[in-house]
Amino acid sequence: MFAISLVVLFFVISGICLFLLILRLFLYRTALIHVVNKWVHWIEDGMHVHQIFKVPEFNHDNFQENQFYGQVFTYLNSLASIENSDFTNLFSGKKSNDIILYLDHNQTIHDTFLGARVSWKNEVNDQKLGEDQSCCRRTLLLKIKKKDKRRILRPYLQHIHNAVSEDLQQRKREVKLYMNTQYDHRINGRWNSIPFTHPSTFDTMAMDSDLKYRIKSDLESFLKSKQYYHRLGRIWKRSYLLYGPSGTGKSSFVAAMAKLLNYDVYEIDLSRVADDSDLKMLLLQTSNKSVIVIEDLDRFMNDNKSVRGVSFSGVSTFMDGILSSCRGDEKIMIFTMNSKDKIDSSLLRPGRIDVHIYFPMCNFNSFKSLANSYLGIRDHKLFPQVEEIFQTGATMSPAEVGEIMIVNRSSPSRALKSVITALQTNAATGWRLSESASSRPSAEESGGESGGVFWKDKGSVPVAKEVRKLYGLLRLKSGKISGPSVAKEVRKLYGLLRLKSGKISGPSGHDSEMIER
Ligand SMILES: Nc1ncnc2c1ncn2[C@@H]1O[C@H](COP(=O)(O)OP(=O)(O)OP(=O)(O)O)[C@@H](O)[C@H]1O
Ligand SMILES: [Mg+2]
């Protein structure tokens, strides 16, 4: 009897084990296990009291990004549990074969820490702003059992901080470009960012090497001068004005400076700024160690329609950087212009603009530098001919020269011939010369009442040299022009000479020149 009961018991236990095994296999095969897990967690959650902690994207004053939000977001995206979520975003990473998982709006994911289970929700509330505009208010919600709070909350937050600090440092090295969005009083954050991948560096810029060296040293010595500025009672900021004709590399140089510093770039589009206080707000929302850029400031200052609500005093206060000093860290400001001619000199006074850097049209030296980087040649039998044409005063922007070289990069000889033809055409029409003359730094700019440090790349040339150039140009032209048009051309060149002689100042024995006042 006892033996029979043992056999029955054996079969019952075996049956139960078999049943559980088949059930487990079934649950896992059909993924029903996840449904069961959900129910278990749901029942368990229902038996506990929870506490919710909010991590909003912006600080309570709504001015600045809440840095902890960024840290938590990075941490959550790195969790293995994001892979087990019901849904999530997949994006390509930096490398071509990288795929990254990214929290979706209103997605919830779970994490465990010291045996306690917590959940995070990426809460995004869409706000309708107008007909076709909306904005989002983002908050990360941490849900934690009340019984676990005392034990794990602080160490858990510290754990997040430690886990991402290395990752953040890595990301800090990736420079970002921020652009301001259209003003709307209901939007907190006004900056949208993308990775800053502009390929320009100091090395790729065709510029006088001495000038590059001095700009680099200026930046480096500024960065080391926190105590010095503090002792002087000055805001720790440095403003640069890059000015010169179109296509001479001003925007590319902004990128090169940001890369050298490894700073994020905040480019302010003044046409999207509502008024002076909006401009202040944008400045306040920039992060530490950043380059703040306003491109084509002359265009905005001369075109009242474009600046709309931003006043002259709004721009000058912005340039003084008083507000940025609230953040305490260094600020680099860069403004670009085609010409300073119509700009109120008070806007360019020392303190507002510390360094003026002139970007000239192409000369023979910059041409050689472009030929080296675009065509890979340091010398060529056509170089003397190119130099001769440059000496006549013919010129082009580096952008134009670069474009010709790119198109003809398979044949350096063809590229150089095309550059020669283009320079001859420009010289013959005289258009480029007069354009470049008018955009060179004027005597007023290099010695006038506005201030700062002036750095120019062959910006000033002696009158005698200019006369020689014009004579050469005249000879070149007279080969092509006859009769009354010669007299007309002579008159034109005489006018041009007078224009230049009013603008030419100082000797130009050096490639670049620095005038401190
Ligand atoms: N000095 C230079 N060295 C190397 N490349 C240059 C230089 N100047 C211009 N380029 C090339 O020409 C193109 C246009 O340059 P960039 O946009 O920087 O000119 P810019 O002075 O900002 O013109 P704009 O005043 O019209 O904005 C870029 O592709 C850049 O690589
Ligand atoms: Mg530009």
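In this text, all values refer to a predicted model and were calculated from it rather than measured experimentally.

Here we come to the overall build of the protein chain. Counting secondary structure elements, the protein chain contains 19 helices and 15 strands. The buried share of the protein chain, reckoned over its 517 residues, is 42%. Sequence separation of 24 or more characterises 72% of the internal contacts of the protein chain that already satisfy a separation of 6 or more. Summing over all exposed atoms, the protein chain offers an accessible surface of approximately 28,400 Å²; the carbon and sulfur share of this is 55%.

Tracing the sequence through the fold places Thr395 in the loop between helix H13 (383-391) and helix H14 (398-407). On the basis of relative accessibility, which here comes to 5%, the residue Thr395 falls in the buried class. A polar side-chain atom of Thr395 sits 2.6 Å from the main-chain carbonyl oxygen of Cys362.

Let's shift gears to the packing of aromatic side chains. Inspection of every chain in the model, using the stated rule, returns 20 aromatic pairs. On the basis of an interplanar angle of 35° and a centroid distance of 6.5 Å, the ring pair of Trp120 and Tyr156 is categorised as tilted. Taken together, the positions of Trp120 in strand E5 (residues 116-128) and Tyr156 in helix H4 (residues 146-172) put the pair 36 residues apart, joining distant regions of the chain. You'll find Trp120 and Tyr156 in the same group, each marked buried. Seen from their ring centres, Phe222 and Trp236 are 5.9 Å apart, and the 45° between their planes marks the pair as tilted. On the criterion of sequence distance, the pair formed by Phe222 in helix H5 (residues 209-223) and Trp236 in the loop between helix H6 (226-232) and strand E9 (237-243) is long-range, its members being 14 residues apart.

Moving on, we come to the UniProt feature "transmembrane region" (unreviewed entry) in the protein chain. The residues that UniProt annotates with the feature "transmembrane region" (unreviewed entry) are residues 6-27. For residues 6-27, the helix share is 100%, the strand share is 0%, and the end-to-end C-alpha distance is 31 Å.

The subject of this paragraph is the nonpolar core. Core analysis: the largest hydrophobic core is formed by 30 residues, its most contacted members being Ile215, Tyr240, Phe253, Ile332 and Ile334. Elements that contribute at least two residues to this core include exactly H5, E9, helix H7 (250-261), strand E11 (290-294), strand E12 (331-337) and strand E13 (355-358). In terms of nonpolar packing, the next biggest core, distinct from the first, is built from 28 residues, Trp191, Leu283, Met301 and Phe335 among them.

Moving on, we get to the pairing of strand E7 (residues 176-180). With five bridges connecting them, E7 and strand E8 (residues 191-195) associate as antiparallel partners. By the bridge assignment, Tyr178 is partnered in E8 with Ser193. Judged from the three bridges that link them, E7 and strand E10 (residues 264-267) form a sheet pairing that is parallel. Its bridge partner being in E10, Tyr178 is matched across the sheet by Tyr266.

A word on the site of ligand 1. Near ligand 1 there are 16 residues, and of these Ala206, Ser246, Lys250, Ser251 and Ser252 occur at the shortest range. A distance of 2.5 Å separates an oxygen atom of ligand 1 from a polar atom in the side chain of Ser246. Compared with its free state, where it exposes 630 Å², ligand 1 has 74% of that area covered by protein. Those elements that provide at least two residues to the shell around ligand 1 are H7, helix H12 (364-375) and H14. Element by element, the count of residues in the shell around ligand 1 is highest for H7, at three residues. Of the residues assigned to the shell around ligand 1, the class counts are seven nonpolar, eight polar and one charged. Mapping the shell around ligand 1 onto the domain boundaries places at least three of its residues in each of domain 2 (191-358) and domain 3 (364-439 + 460-509).

With that settled, consider helix H11 (residues 312-320). Restricting attention to buried positions, one finds in H11 the residues Gly314, Val315, Ser316, Phe318, Met319 and Asp320. Residues of H11 that are buried in the fold lie against E9, helix H8 (276-284), E11, helix H9 (297-302) and E12. Looking at the residues trailing H11, positive phi occurs at Gly321, about 70°.

Here the focus is the packing of helix H1 (residues 2-29) against helix H2 (residues 32-46). Taken N-terminus to C-terminus, the directions of H1 and H2 make an angle of 95°; their axes are 5 Å apart at the nearest point. Taken together, the axes of H1 and H2 lie roughly perpendicular to each other. Of H2, the residues touching H1 (which contributes Phe26, Leu27 and Tyr28) are Leu32, Ile33 and Val36. For the contact of H1 with H2, the residue count by class is six nonpolar, no polar and no charged.

To continue, consider the pattern of salt bridges. Tallying each qualifying case throughout the model produces nine salt bridges. Across the salt bridge formed by Arg299 and Asp296, the nearest N and O atoms sit 3.6 Å from each other. The class of Asp296 is partly exposed, set by a relative accessible area of 22%. Via salt bridges that share partners, Lys147, Asp148 and Arg151 belong to a single interconnected network.

So, on to unusual backbone geometry. If you check the backbone angles, Asn106 has positive phi at about 60° while not being a glycine. Mapped onto the elements of the fold, Asn106 is located in the loop between strand E3 (99-102) and strand E4 (108-113).

The next thing to look at is the environment of Thr392. Mapping Thr392 onto the fold places it in the loop between H13 and H14. For Thr392, a relative accessible area of 12% translates into the label buried. In terms of polar contacts, Thr392 uses its side chain to reach the backbone amide nitrogen of Ala394, at 3.5 Å.

The rules behind each value
Residues numbered from 1 in each chain as written. Chains lettered and ligands numbered in written order. Predicted model: local features only at pLDDT ≥ 70, side-chain atom pairs only at ≥ 80, totals over all residues. Heavy atoms only, no water. Helix = DSSP H or I, 4+ residues; strand = E, 2+ residues; numbered from the N terminus. Buried < 20%, exposed > 50% of the residue type's maximum accessible area, 1.4 Å probe, protein only. Contact = heavy atoms within 4.5 Å. Areas by Shrake-Rupley, 256 points an atom, 1.4 Å probe, with all protein chains shown as cover. Polar contact = N/O pair within 3.5 Å; in protein donor to acceptor, adjacent residues only side chain to side chain. Phe/Tyr/Trp six-rings, centres within 6.5 Å; stacked < 30°, edge-to-face > 60°. UniProt positions renumbered as here; feature names shortened; annotations may be inferred. Core = buried A, V, L, I, M, F, W, Y, C linked by side-chain atoms within 4.5 Å. Pairing = 2+ DSSP bridges. Near = heavy atom within 4 Å. Nonpolar A, V, L, I, M, F, W, Y, C, P; charged D, E, K, R; others polar. Domains from an automatic or database assignment. Axes fitted to C-alpha atoms, helices over the stretch in contact; angles between N-to-C directions. Parallel < 35°, antiparallel > 145°, perpendicular 65-115°, else oblique. Salt bridge = Lys/Arg side-chain N within 4 Å of Asp/Glu carboxyl O.

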